[in-house]
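What follows is each chain in one-letter form.
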Amino acid sequence: MLDHGHEIVGRRPRGYRSPSWDFSDATLGILEEFEFAWDSSLMGRDFTPYRPRPVVVHREEPNEFGPPSPVLELPVSWYMDDVPALDHVPGLLAGLMSTEGVFARWRDTFDYAYENEPSGNIRSQSVTTAPN
């Protein structure tokens with residue numbers, strides 16, 4: 001498994017995905033400090049990995065963007081998550097939908113990216129499944 005690039009228990013992780021995609025103002029700096037290679041917690045693009053940039057938000061002036069991070073972002077999407085379709089939260093999520101519908105959504109998104117991304121090159125498509 002190690003020869004194929006999989007992360008193994010007991011070895012230092014190279015990537016990170018924050019629980020529920022909660023990403024604070026400090027998260028990127030911490031990932032950089034501990035030299036993580038990638039993150040998969042942000043939704044800045046649909047399919048193409050990118051390097052996030054810290055942002056200082058001003059109310060009356062233009063926002064200030066810092067330099068691109070060395071951490072590569074593999075974007076995520078609620079549309080590619082199984083929780084909205086399958087998790088039942090009374091008054092919030094209907095859930096309990098057909099798994100065939102979830103798979104069809106994932107397949108259709110893959111097909112769209114394959115047909116519409118330059119040269120059919122899908123660089124990243126993150127599917128998120130909740131633990132049981």
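Conventions we followed
Residues numbered from 1 in each chain as written. Predicted model: local features only at pLDDT ≥ 70, side-chain atom pairs only at ≥ 80, totals over all residues. Heavy atoms only, no water. Salt bridge = Lys/Arg side-chain N within 4 Å of Asp/Glu carboxyl O. Buried < 20%, exposed > 50% of the residue type's maximum accessible area, 1.4 Å probe, protein only. Pairing = 2+ DSSP bridges. Helix = DSSP H or I, 4+ residues; strand = E, 2+ residues; numbered from the N terminus. Phe/Tyr/Trp six-rings, centres within 6.5 Å; stacked < 30°, edge-to-face > 60°. Lys NZ or Arg CZ within 6 Å of the ring centre and 35° of its normal. 1 Å grid on protein atoms, 1.4 Å probe; cavity = no way out; pocket = protein on both sides within 12 Å on 5 of 7 lines; lining within 4 Å. Points joined across faces, edges and corners; volume = space filled by probe spheres on them.

*Asks:* Go over the pattern of salt bridges with me, naming the residues and quoting the values.
*Replies:* This structure, assessed with the given rule, holds one salt bridge. In this structure, D108 engages R107 in a salt bridge whose closest nitrogen and oxygen atoms are separated by 3.4 Å. Classification of R107 as partly exposed rests on a relative accessible area of 38%.

*Asks:* Summarise the sheet that holds strand β1 (residues 15–16); cite the residues concerned and give the values.
*Replies:* Here three strands make up an open sheet; going across it, the order is β1-β2-β5 and the pairing parallel. Two strands in the sheet have a free side with no partner beyond their single neighbour: β1 and β5 (72–73). Direction of pairing for β1 relative to strand β2 (residues 38–39): parallel, over a ladder of two bridges. Counted as the bridge partner of G15 is W38 from β2.

*Asks:* Before we move on, could you go through the packing of aromatic side chains and cite the residues and values that matter?
*Replies:* As enumerated under the stated definition, the model contains four aromatic pairs in all. The interplanar angle of 35 degrees and the centroid separation of 6.5 Å between the aromatic rings of F47 and Y112 together place this pair among those described as tilted. Within this pair, whereas F47 is found in the loop between β2 and β3 (55–56), its partner Y112 is found in helix α3 (residues 99–116), the two being separated by 65 residues in sequence. The buried category is assigned to F47, whose relative accessible area is 8%. Judged by its relative accessible area of 48%, Y112 falls in the partly exposed class. A cation over a ring is seen here: R105 above Y79, with NZ or CZ 5.0 Å from the ring centre.

*Asks:* If you had to explain the environment of V76 to someone new, which residues and values would you point to?
*Replies:* Looking at the element boundaries, V76 is found in the loop between β5 and α2 (83–86). Each C-alpha atom, one on V76 and one on D46, is 7.5 Å from the other, the two residues being 30 residues apart in sequence.

*Asks:* Kindly report on the layout of surface pockets, identifying the contributing residues and their values.
*Replies:* Taken as a whole, the largest pocket encloses approximately 210 Å³ of empty space. Lining the largest pocket are F23, S24, D25, T27, L28, G29, L42, P52, R53, P54 and V55. Here the element with the most residues in the lining of the largest pocket is helix α1 (residues 27–33); it accounts for three residues. By volume, the second largest pocket is sized at about 160 Å³. Lining of the second largest pocket is provided by twelve residues; of these, P19, S20, W21, D81 and T128 occupy positions nearest its centre.

Any functional reading would require information beyond the geometric quantities listed.
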